[in-house]
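Below, each chain spelled out in residue letters.
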Amino acid sequence: ARSSNHMGSGEVLRRFVILGMLCCASAGAVSPVSHAPVLRAGEGAADAKPERSSVGSADGSKDALRLRGGGDAVQLEAKIELTCENLLGEAPMWHDGEQKLYWLDINGKKLWSYSPSTSEMRNWDLPEVAGSFAFREAGGFLMGFVSGLSWYDPETGAVEKVCSYEEGLNTRPNDGKCDRQGNFVIGSYNNNHRQDQKNIAGLWRLAKHDLSLSEILDYRFRCSNTIAFDGPGTTMYFCDTPTKQIFKFDYAPDRPLSNKQLFTEMSAEDAGGPDGATVDSEGGVWVAQAGNWKVVRYRASDGAVDYEVKLPLNNPTSCSIGGKDMDTLFITTARHRLSDQERKEQPGAGQLWSLKLPNGIKGLPEPRLAA
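Remember, predicted model here, so these are calculated numbers, not experimental data. (Residues numbered from 1 in each chain as written. Predicted model: local features only at pLDDT ≥ 70, side-chain atom pairs only at ≥ 80, totals over all residues. Heavy atoms only, no water.)

Q: Can you break down unusual backbone geometry residue by residue, with the values?
A: The residue Gln197 is not glycine, and still its phi comes out positive at about 55 degrees. Examined against the element boundaries, Gln197 turns out to sit in the loop between helix 2 (193-196) and strand 15 (203-206). The residue Lys244 is not glycine, and still its phi comes out positive at about 65 degrees. Considering the arrangement of structural elements, one finds Lys244 in the loop between strand 18 (235-240) and strand 19 (245-250). Lys244 sits in the buried class, given a relative accessible area of 17%. (Helix = DSSP H or I, 4+ residues; strand = E, 2+ residues; numbered from the N terminus. Buried < 20%, exposed > 50% of the residue type's maximum accessible area, 1.4 Å probe, protein only.)

What follows is the structure, given as C-alpha cells:
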C-alpha cells in the first residue's frame, strides 16, 4: 500500500512551480538595483565629475552629459571677493607677472586692480569711458577709449593716442583680448542698439608690428562680446549678445576670421545674453550670462554646459581665471541698470566675485600686446 502523503508526479510539478514563483517574487522585492546617479559621502558639487550615459532618445543613441547628483550641470558656489560698488564692472584680466587682477568700471570711468594674496586694492580715474584694455609687454596698457585706442600709464595719467576708432558711427570699443601672438582683437558696441537694433558695429585687429587697424569679420553686428581664444590660438569665440548665439571661427593672426560655426546658444526662455568669456586649460569656455543670473562653462567638444555658477544678482558681466595657482575664477558684475529697490534686493551687484575651480581646471596666461 502507498503512504497517504505520497504525491503523484503532477502534484510534485505543480508545487515546484508555485515554490519557484514565490522565490522569484521574494527575490525581486528585496532590493531593486538603482541606476540613479548619486553623490558619495563627502563629495560636494565642486568635486562631482561628469559621467556619460545614453539618454534622451528612444533607442538610447543620443549621447548626453549626466552628472552625479542629478541635473544637467555641476553647481558651483561663488562668494564676494571684494566689495567695490562698480556701476558696470567689466573686462577682468589676470596679470601673471604682478599677480593681480585688473578690470574696468566702464560707467564709473575707472581702472581697478586687486591682489588676492595681499588684499591690496587700487583704482585709477580714467579720462573717458573705456570698453576694454590690453596689457602691454613694454609696460602700461592699451585702452579702448571712446575717442580711440590709446596707450595709458595709470601712475602718471599719461595718454597717447594710437589710432581713431569707427569715426562717424554711434559706437564705442567694447570687448577685446590679445590673441596668442600678441595682437589686439577688439569689437564694438552700438550705443543705441536697444532702440534702433542696427548692425553697425565691427570687429577689428590692431597689428603688433605696425599698429595698423583692420576689420577681420565680414559682417556687422550690434554688441560684441565673448571674445576668447583657445590654448593653441587657432580658434576664436565671438558673439553678438542680442542674438544669444556664440560662434567659433578659425583664427590666424594675418587673415580675417573664417569657417564660422555655431558653438552654442542660449534658449529663447533664457533672459539676457552672453557677455564676457575666458577659456580654461581644458578648452572649456566660461561665459557670463548678463541678465540671466549665472556664469556657465561650455565644453569645447560640443558646447554643452557642464558647470554652472548661479548668482544672487541678475547681471554678471565677465570672468577671468587667475590667482597664485591659476585656479580661481573671478567674476565682474554690474548694477547700473538696477532701480533703487533692485539694488537693495541685489547687494552683490557691482561687487567682484570669485570661486575655486574644481577638478584641476586652471586658467591660461593672458597674452600681452607685443608692441
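Q: So what about the state of the cysteines? Which residues, and what values?
A: Enumeration over the complete set of coordinates arrives at zero disulfides. Free of any disulfide, Cys223 has its nearest cysteine sulfur in Cys239, 7.3 Å distant. (Disulfide = S-S within 2.5 Å.)

Q: Can you explain the packing of aromatic side chains? Please cite residues and give values.
A: Counted under the stated rule, the structure contains 15 aromatic pairs. Between Tyr102 and Phe135, the ring centres sit 5.6 Å apart and the planes meet at 75 degrees, which makes this aromatic pair edge-to-face. Of the two residues, Tyr102 sits in strand 6 (residues 100-105) while Phe135 sits in strand 9 (residues 130-135), which places them 33 residues apart along the sequence. With relative accessibility at 2%, the residue Phe135 sits in the buried group. Taken together through their ring pairs, the aromatic side chains of Tyr102, Trp124, Phe133, Phe135 and Phe141 make up a single cluster. Its guanidinium or amino end placed over the ring of Trp151, Arg136 lies 3.6 Å from that ring's centre, counting from NZ or CZ. Stacked on the ring of Tyr189, the Lys or Arg Arg172 has its end atom at 4.5 Å from the ring centre. (Phe/Tyr/Trp six-rings, centres within 6.5 Å; stacked < 30°, edge-to-face > 60°. Lys NZ or Arg CZ within 6 Å of the ring centre and 35° of its normal.)

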